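What follows is the residue order along each chain.
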Amino acid sequence: MTAMVKAEGVHKRFGRLEVLKGITLEVGRGEVMCILGPSGSGKSTFLRCINHLDKINAGRLYVDGELVGYRERGGKLHELPEREVARKRAEVGMVFQHFHLFPHMTALENVTLAPVQVSKVRRDEARKQGTELLARVGLADKLNTYPVALSGGQQQRVAIARALAMRPKLMLFDEPTSALDPELVGEVLEAIRQLARDGMTMIVVTHEMGFAREVADKAVFMDDGIVVEAGRPQDVLGSPKHERTRAFLSKVL
Amino acid sequence: MSAPELTEEQRAERPEEIKAVPVRHPGRWIAAAVILLFVAAAVRSIVTSQGFQWHVVGHYLFDSRILRGVLATIYLTALCQGIGILLGVIAAVMRLSPNPIVSGASWLYIWFFRGTPLLVQILFWYNIAALFPTISLGIPFGPTFVHAHANTIVTPLVTAMLGLGLNEGAYMSEIVRAGIISVDEGQTLAAQSLGMGRLQIMRRIVLPQAMRVIIPPTGNETISMLKNTSLLVVASYGELLFSAQSIYDVNYKVIPLLIVASIWYLAMTSVLYVGQYFIERRFGRGFTRAERATMRARWLTFERGGAAGPVA
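Before going into details, it helps to say that this report is about the structure given with it. What you see is a predicted model, and the numbers here were worked out from it, not measured in a lab.

Rules used throughout
- Residues numbered from 1 in each chain as written.
- Chains lettered and ligands numbered in written order.
- Predicted model: local features only at pLDDT ≥ 70, side-chain atom pairs only at ≥ 80, totals over all residues.
- Heavy atoms only, no water.
- Helix = DSSP H or I, 4+ residues; strand = E, 2+ residues; numbered from the N terminus.
- Buried < 20%, exposed > 50% of the residue type's maximum accessible area, 1.4 Å probe, protein only.
- Contact = heavy atoms within 4.5 Å.
- Areas by Shrake-Rupley, 256 points an atom, 1.4 Å probe, with all protein chains shown as cover.
- Rg over C-alpha atoms; globule rule 2.2 N^0.38 Å.
- Lys, Arg positive; Asp, Glu negative; His and termini not counted.
- Charge placed at Lys NZ, Arg CZ, Asp CG, Glu CD.
- Buried area = accessible area lost by both parts, 1.4 Å probe.
- Salt bridge = Lys/Arg side-chain N within 4 Å of Asp/Glu carboxyl O.
- Polar contact = N/O pair within 3.5 Å; in protein donor to acceptor, adjacent residues only side chain to side chain.
- Pairing = 2+ DSSP bridges.
- Axes fitted to C-alpha atoms, helices over the stretch in contact; angles between N-to-C directions.
- Phe/Tyr/Trp six-rings, centres within 6.5 Å; stacked < 30°, edge-to-face > 60°.
- Lys NZ or Arg CZ within 6 Å of the ring centre and 35° of its normal.
- Core = buried A, V, L, I, M, F, W, Y, C linked by side-chain atoms within 4.5 Å.
- Parallel < 35°, antiparallel > 145°, perpendicular 65-115°, else oblique.
- Left-handed = near helix turned anticlockwise from the far one by under 90°.
- Nonpolar A, V, L, I, M, F, W, Y, C, P; charged D, E, K, R; others polar.
- Patch = residues over 30% accessible without salt bridge, like charges linked within 9 Å, V, L, I, M, F, W, Y side chains within 5 Å.

**Digging into the overall build of chain B**
Part 1 of the argument: Per the secondary structure count, chain B includes 14 helices and two strands.
Part 2 of the argument: Every one of the 312 residues in chain B was classed for burial, and the buried ones make up 33%.
Part 3 of the argument: In chain B, the share of contacts with a sequence separation of at least 24, taken over all contacts with a separation of at least 6, comes to 72%.
Part 4 of the argument: For chain B, the accessible area works out to roughly 19700 Å², and carbon and sulfur atoms hold 68% of it.

**Focus on the overall build of chain A**
Part 1 of the argument: Each helix and strand counted, chain A has nine helices and 12 strands in total.
Part 2 of the argument: In terms of overall size, chain A behaves like a compact globule, its C-alpha atoms giving a radius of gyration of 18 Å where 253 residues would be expected to give roughly 18 Å.
Part 3 of the argument: The principal-axis extents of the C-alpha atoms in chain A amount to approximately 50 × 50 × 35 Å.
Part 4 of the argument: Out of the 253 residues in chain A, the part that is buried amounts to 55%.
Part 5 of the argument: Taking the intrachain contacts of chain A between residues at least 6 apart in sequence as the baseline, contacts between residues at least 24 apart amount to 64%.
Part 6 of the argument: Taken as a whole, chain A presents about 11300 Å² of accessible surface, with 47% of it coming from carbon and sulfur.
Part 7 of the argument: Of the side chains in chain A, 37 bear a positive and 32 a negative charge, and the two mean positions are spaced by 5 Å.

**Considering the interface of chain A and chain B**
Part 1 of the argument: Facing the 27 residues of chain A at the interface are 21 residues of chain B.
Part 2 of the argument: Of the roughly 2200 Å² buried between chain A and chain B, counting both surfaces, carbon and sulfur atoms make up 61%.
Part 3 of the argument: Between chain A and chain B we count one salt bridge in total.
Part 4 of the argument: One salt bridge connects Glu82 of chain A with Arg198 of chain B, and the closest N-O pair in it is separated by 3.8 Å.
Part 5 of the argument: The tally of links between chain A and chain B comes to four residue pairs in polar contact (both at pLDDT 80 or more).
Part 6 of the argument: Mapped by element, the contributors of at least two residues to the side of chain A that touches chain B are α2 (82-89), β8 (92-95), α3 (107-117) and α5 (152-164) of chain A.

**Remarks on the side chain of Glu229 of chain A**
Residue and element names in this part refer to chain A.
Part 1 of the argument: Secondary-structure assignment places Glu229 in strand β12 (residues 226-231).
Part 2 of the argument: Buried charge without a salt bridge: Glu229, with Lys241 as the nearest opposite-charge side chain at an N-O distance of 4.5 Å.
Part 3 of the argument: At 2.7 Å, the side chain of Glu229 forms a polar contact with the backbone nitrogen of Lys241.

**Focus: the sheet that holds strand β2 (residues 17-27) of chain A**
Residue and element names in this part refer to chain A.
Part 1 of the argument: Strand order in this open sheet of four strands is β2-β1-β4-β5, and the pairing throughout is antiparallel. Single-partner strands in this sheet number two, and they are β2 and β5 (66-67).
Part 2 of the argument: By the bridge criterion, eight bridges tie strand β1 (residues 5-14) to β2 in an arrangement that is antiparallel. The residue bridging Phe14 from the neighbouring strand is Leu17, located in β2.
Part 3 of the argument: Relative to β2, helix α1 (residues 43-50) is tilted by about 65°, and along the sheet it contacts β1, β2 and β4 (58-63).

**Remarks on the packing of aromatic side chains**
Part 1 of the argument: Tallied over the full model, the rule gives seven aromatic pairs over all chains.
Part 2 of the argument: Where Trp107 of chain B meets Trp111 of chain B, the ring centres are 6.1 Å apart and the plane angle is 10°; that geometry is what we call stacked. Placement of the pair is Trp107 of chain B and Trp111 of chain B together in helix α5 (residues 100-115), with a separation of four residues, close to one helical turn.
Part 3 of the argument: In this structure Trp107 of chain B comes out as partly exposed when scored by relative accessible area, which is 42%.
Part 4 of the argument: Put simply, the rings of Tyr109, Phe112 and Phe113 of chain B pair up and form one aromatic cluster.
Part 5 of the argument: Positioned above the aromatic ring of Phe14 of chain A, the side-chain terminus of Lys12 of chain A is 4.8 Å from the ring centre.
Part 6 of the argument: Arg114 of chain B extends its terminal NZ or CZ atom over the ring of Tyr171 of chain B, reaching a point 6.0 Å from the ring centre.

**Examining the nonpolar core**
Part 1 of the argument: Core analysis: the biggest nonpolar cluster contains 52 residues, and Phe46, Ile50, Leu61, Leu170 and Ile203 of chain A have the highest contact counts within it.
Part 2 of the argument: The dominant element in this core, judged by the number of residues it contributes, is helix α11 (residues 198-228) of chain B, at seven residues.
Part 3 of the argument: If you look at the next biggest cluster of nonpolar residues, it comprises 47 residues, including Ala107, Leu134, Leu143 and Leu164 of chain A.

**Some points on the packing of helix α4 (residues 64-95) of chain B against helix α9 (residues 156-182) of chain B**
All names here are of chain B.
Part 1 of the argument: The contact between α4 and α9 brings their axes to 5 Å, and the two run at 45°. By the angle between their directions, the pair α4 and α9 is classed as oblique. The handedness of the crossing between α4 and α9 comes out as right-handed.
Part 2 of the argument: When its residues are assigned to classes, the contact of α4 with α9 shows 19 nonpolar, six polar and four charged.

**Here we look at a nonpolar patch on the surface**
Residues and elements named next belong to chain B.
Part 1 of the argument: A grouping of Ile35, Val39, Val43, Ile46, Val47, Trp54 and Ile263 is seen on the molecular surface, where their side chains present a nonpolar patch of about 590 Å² in accessible area.
Part 2 of the argument: For the nonpolar patch, the element with the highest residue contribution is helix α2 (residues 26-48), accounting for five residues.
Part 3 of the argument: Looking at where Val43 falls in the secondary structure, it is placed in helix α2.

**Brief notes about unusual backbone geometry**
Among all residues save glycine, negative phi is the norm, and among peptide bonds the norm is trans.
Residue and element names in this part refer to chain A.
Part 1 of the argument: Of note, the phi angle at His52 is positive, near 60°, even though the residue is not glycine.
Part 2 of the argument: Take His52: it is sitting in the loop between α1 and β4.
Part 3 of the argument: Residue class for His52 comes out buried when judged on its relative accessible area of 11%.
Part 4 of the argument: Even without a glycine there, the phi angle at Glu175 is positive, about 45°.
Part 5 of the argument: Its location among the elements puts Glu175 in the loop between β9 (170-174) and α6 (182-197).

**Some remarks on the sheet that holds β9 of chain A**
Residues and elements named next belong to chain A.
Part 1 of the argument: One open sheet accounts for six strands, arranged β8-β9-β10-β3-β11-β12; its pairing is mixed. Whereas interior strands pair on both sides, the edge strands pair on one side only; in this sheet they are β8 and β12. Here the average twist between neighbouring strands, direction ignored, is 15°.
Part 2 of the argument: Where α1 meets the sheet, it contacts β3 (32-36), β8, β9, β10 (202-205) and β11 (218-223), and its direction lies at approximately 150° from that of β9.

**Some remarks on the pairing of β4 of chain A**
Residues and elements named next belong to chain A.
Part 1 of the argument: Pairing geometry for β1 and β4, over five bridges, is antiparallel. Bridged to Val5 within β4 is Val63.
Part 2 of the argument: Counting the residues between successive antiparallel strands, the hairpin from β4 to β5 contains two residues, one of them, Asp64, with a positive phi of roughly 55°.

This is the structure we're talking about:
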């Protein structure tokens, strides 16, 4: 069985600045991977590359066995047309640090927009499904509330429901709790934990060590554009082999 | 999660409400008196001066020719501003296109129509027959489908649409572009991650949010447009000023008829102000919790400030 995400020597440059310097890793189906590391280490960029929101400059990146953003034909890489890229993005859910909910739409409208517009689901069908999803993240009473009137934790849970509405085969979380008040972190982590129990494949960039230990099947420590250390969370977080990992963990914990 | 109950003791300890003597504002009263004096003098001269000929103004205010001019002005404003907004959105989206040819074409359009006076453009369109006696519609260097004399196509109404609409489109595109740029990039990112295409994102996510920034200057543009329709006197289009002119060309009551026109222009722009307020409120949805408060609250603060003088 092929891996859900497979990266082989992925490089990413912004102008002259090399942000990813050869990332190689694999996420199996149903696995949860937590990526840790200092800011600027390339974690978020790597997530964005998986969704082709950023283009990689070298290496190979596969999602569900298919090359991300390109097609290989006759030994040459061809860029995928915009429509194809969009279709593939629809299969991967993404949750952002700053939620990025659509402020001019209610919670339910946020969740039903993409199914109706992209997947051409019938409107009433999408509403039914959206209502269920919002209930699943504990927001059954906030269907018609605008994001401005929701707490950060509630907004992030709407964002999770919005991503799930596209029935993704993979979920990417980019520091989902970093912008939240400490007392709201728990409710968002609980929603992610629930997803893990349901068998969703996930990559979570996070600074929540306890959560990583508990939920992750694999932990990866990144610094300066490379994977410093990867393995079982109890190993990477409990008894790190590299000095750099130890130094980071001692500051975070 | 209810707040913890206060004990009897804590409640008893609560200090009494502050009832302070407000700061006095003698400057406000002096300024008000001076301004009132000037206003009274101005009103007196306007009412009593012979030159205004108020009875003539009253006579022509609801003249059927004037009313027809008012209707034509409203119609023209709506039509040309509509064309302007449509062209503006198209030009703005083109301007932001990654395709350099497309964005370059938009730039050229904006450069030309913002760089030449509106009156000159109107005169140009009005006299287009001198430049292109016949107009053909078809594929460049290929077959033509329609063929006609310029003067039969470019009527005063078409002159108005071309002159005012194209010019407005150039200004509107800059306003729309500013609105589009003002929308947080995260919005596009989130929409992309959901698999939405570029045009879908523009239409469903970016433009609705850009509206909040676009509406206020568009209101100003519409008010300008309403007044700029008067430039069409040079194209002999029968709008309000043209109606007034054609009356005073006969009876030489120039000033009273200009006053009639001004009263109508003022009335129409006032209606636009009110309309703008409601449209702004509509597109502010999701950005503020207390949407209705603004106008009333402002008035209340003013009243309180004004009453701050004599305190018993």
